[in-house]
Structures are given as C-alpha cells and as structure tokens.
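# Examining the three-dimensional arrangement
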Amino acid sequence: MTEPTPAERVERVESEISEAARSAGRARDELTLIAVTKFHPASLVRELHAAGLRDFGENRHREAREKAAELADLELGWHFVGQLQTKKARQAREYASVLHSLDREALVDALAVPAEGDGPLDAFLQVNLTDDPERGGVRPEEAEALAERVAGASGLRLLGVMAVAPLDEEPRAAFARLRTVGDRVRTVVPEARWMSAGMSNDFAEAIAEGATHLRIGTAITGNRPPRD
Ligand SMILES: *Cc1c(COP(=O)(O)O)cnc(C)c1O
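Please read all numbers here as calculations on a predicted model, not as lab measurements.

### A look at the UniProt feature "modified residue: N6-(pyridoxal phosphate)lysine" (unreviewed entry) in the chain
- The UniProt record marks Lys38 with the feature "modified residue: N6-(pyridoxal phosphate)lysine" (unreviewed entry), using the residue numbering of this structure.
- Within the secondary structure, Lys38 sits in the loop between β1 (32-36) and α2 (42-50).
- For Lys38, a relative accessible area of 18% puts it in the buried group.
- Excluding anything up to four places from it in sequence, Lys38 contacts Gly57, Glu58, Asn59, Glu63, Lys67 and Arg224.

Structure, rendered in structure tokens:
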C-alpha cells in the first residue's frame, strides 16, 4: 500500500470535519483548520498550501520563525501553539498572527503594549485541564482573573479559550469543561467567543462541544519525523 499524499490527507480530514460539523448541526465555515506542521520541513507546508490550506501551527519559536521566513512569499497565517518563553514573546509576535498559548501573567505583561505601528495580537487563553501543574495553561479557576489582565492590555485581543484534552479523560467531557471556562471568560471579555480545541484524534468531539479553531497535526502531515 502506498502512503497517502498530503493532498489526499487534507481531503480526508476535510470530509471528516464536514461530517462532524453536520452531526453537530454546525456549518463548516464556522471552523478554522490549522495544520500543525511542527518538526516537518517548509516544503511540506508548501505542498499543503498548494492543497488549499492557509493556516499553520508551530510549537517552537525558532522553528516557527525560520519556516515563516522561508515561506514569506506565501500568504500564510501562523499560529503559535506551544509553550512560549516570556523573553521570546515579542519576537514571536513578529511572525505569528495568533498566539494559542497565553497562559500566565508574565506573558500577558510582555505583550501588553502593541509593537510599533501594529495592532493587537490575537490570542487564546490556554487552560490546563489536567491536575498536572507542569502542563501548559492557566488553571480553570484562574482563567477569569487572567482574562481581566488581558482585557487591560492594548497589545492583545482575546479570542477565547484553548486546551489540549488530557489523556485520562473522555475528550468530549474535557472539551465540555473548556466550554464552561469559555463562558466564564466571556463575562469578562464578551467578544472572546472562539474556542481552540481538537487535534487529530479528537477533533470530532471538539466540534461537538463548540470548537472553532482545530489544531490538526499528524492526520494531515503523517507521522512526525524524529527530533534531532
Ligand atoms: C502537536 C500539537 C497539535 C497537533 O497534534 P496531532 O495529534 O498531531 O494532531 C495540536 N495542538 C498542540 C498544542 C500541539 O502541540
């Protein structure tokens, strides 16, 4: 059996997304598909662009910055989805159009003032749905306080909430919890109505719980090459 091409994978994922949207009574055009291309070369991003994708996700600053520079001839939206060091935050703003991992006060403060001549950076509050404090994300009970801080930062525009489903919980239940955190965040920032959730193995469940931004890696790219 031959491996499917990137274009074939995109087509398959697209049809599964449409199917999940239909079952949830939602429209496909409410959903933004972000192809997470971490560890893969820029040439793959180019192929996926040719297959119609425009939004790409990366989780390491250096790799993201290099790929964005190499692909500057294409009009792409770069989504930063990994843990971001505070001292790298302002550099990440130079190529990223959306930050999905705003998860602590220090990061909000580093981005509080817009870059010169630039508008605010779009950002999701990342919520930690596990009991492990080492995982990225603000604790659910601290999300509103962090949202208030974001609301006071002219360099940031809060889009909504983001999470990765824990390994030891039904994804649908986890995303339902994320949705309630989003509801609470909206009491602070009413415009923050989006939800970044759903990866290769759980995007249908995320769509059922109201996700608007899907971060899909391996289902589109194939397995990630081993890291050097
Ligand atoms: C890698 C990654 C994804 C994509 O994961 P897949 O399981 O390959 O679809 C999504 N979100 C984040 C934060 C990631 O780091």
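### Overview of unusual backbone geometry
- Phi angles above zero are rare outside glycine, and Phe39 is one such case at about 75 degrees.
- Its place among the elements puts Phe39 in the loop between β1 and α2.
- Its relative accessible area of 22% is what places Phe39 among the partly exposed residues.

### Overview of the packing of helix α6 (residues 143-151) against helix α7 (residues 171-188)
- In contact at an axis separation of 9 Å, α6 and α7 are set at 40 degrees when each is read in the N-to-C sense. The orientation of α6 with respect to α7, classified from their angle, is oblique. When you trace α6 past α7, the crossing you get is right-handed. Across the interface between the two elements, Ala143, Glu144, Ala147 and Glu148 of α6 pack against Val181, Arg184, Val185, Thr187 and Val188 of α7.
- Across the contact of α6 with α7, the residue classes tally to five nonpolar, one polar and three charged.

### Examining a negative patch on the surface
- On the surface, Asp131, Asp132, Glu134 and Asp168 cluster together to form a negatively charged patch.
- With relative accessibility at 81%, the residue Asp131 sits in the exposed group.

### Notes on helix α3 (residues 61-70)
- Within the span of α3, buried status applies to His61, Glu63, Ala64, Lys67 and Ala68. Buried residues of α3, viewed axially, fall in a sector of 165 degrees; they line one side. Seen from the buried face of α3, the exposed residues on the opposite side, beyond 90 degrees, are Arg62, Ala69 and Glu70.
- In the core, the buried residues of α3 are packed alongside α2, β2 (55-58), β3 (77-80) and α4 (89-95).

### Concerning α2
- For α2, the full list of buried residues reads Ala42, Leu44, Val45, Leu48 and His49. Looking down the long axis of α2, one finds its buried residues gathered within 155 degrees of arc, a one-sided arrangement.
- Check the buried side of α2 and you find it contacts α1 (6-23), β1, β2, α3, β3 and α9 (218-221).
- Immediately beyond the C-terminal end of α2, within one or two residues, lies Gly52, with a positive phi of roughly 110 degrees.

Thresholds, definitions, all that
- Residues numbered from 1 in each chain as written.
- Predicted model: local features only at pLDDT ≥ 70, side-chain atom pairs only at ≥ 80, totals over all residues.
- Heavy atoms only, no water.
- UniProt positions renumbered as here; feature names shortened; annotations may be inferred.
- Helix = DSSP H or I, 4+ residues; strand = E, 2+ residues; numbered from the N terminus.
- Buried < 20%, exposed > 50% of the residue type's maximum accessible area, 1.4 Å probe, protein only.
- Contact = heavy atoms within 4.5 Å.
- Axes fitted to C-alpha atoms, helices over the stretch in contact; angles between N-to-C directions.
- Parallel < 35°, antiparallel > 145°, perpendicular 65-115°, else oblique.
- Left-handed = near helix turned anticlockwise from the far one by under 90°.
- Nonpolar A, V, L, I, M, F, W, Y, C, P; charged D, E, K, R; others polar.
- Patch = residues over 30% accessible without salt bridge, like charges linked within 9 Å, V, L, I, M, F, W, Y side chains within 5 Å.
- Areas by Shrake-Rupley, 256 points an atom, 1.4 Å probe, with all protein chains shown as cover.
- Salt bridge = Lys/Arg side-chain N within 4 Å of Asp/Glu carboxyl O.
- Lys, Arg positive; Asp, Glu negative; His and termini not counted.
- Charge placed at Lys NZ, Arg CZ, Asp CG, Glu CD.
- Arc of directions from axis to C-beta.

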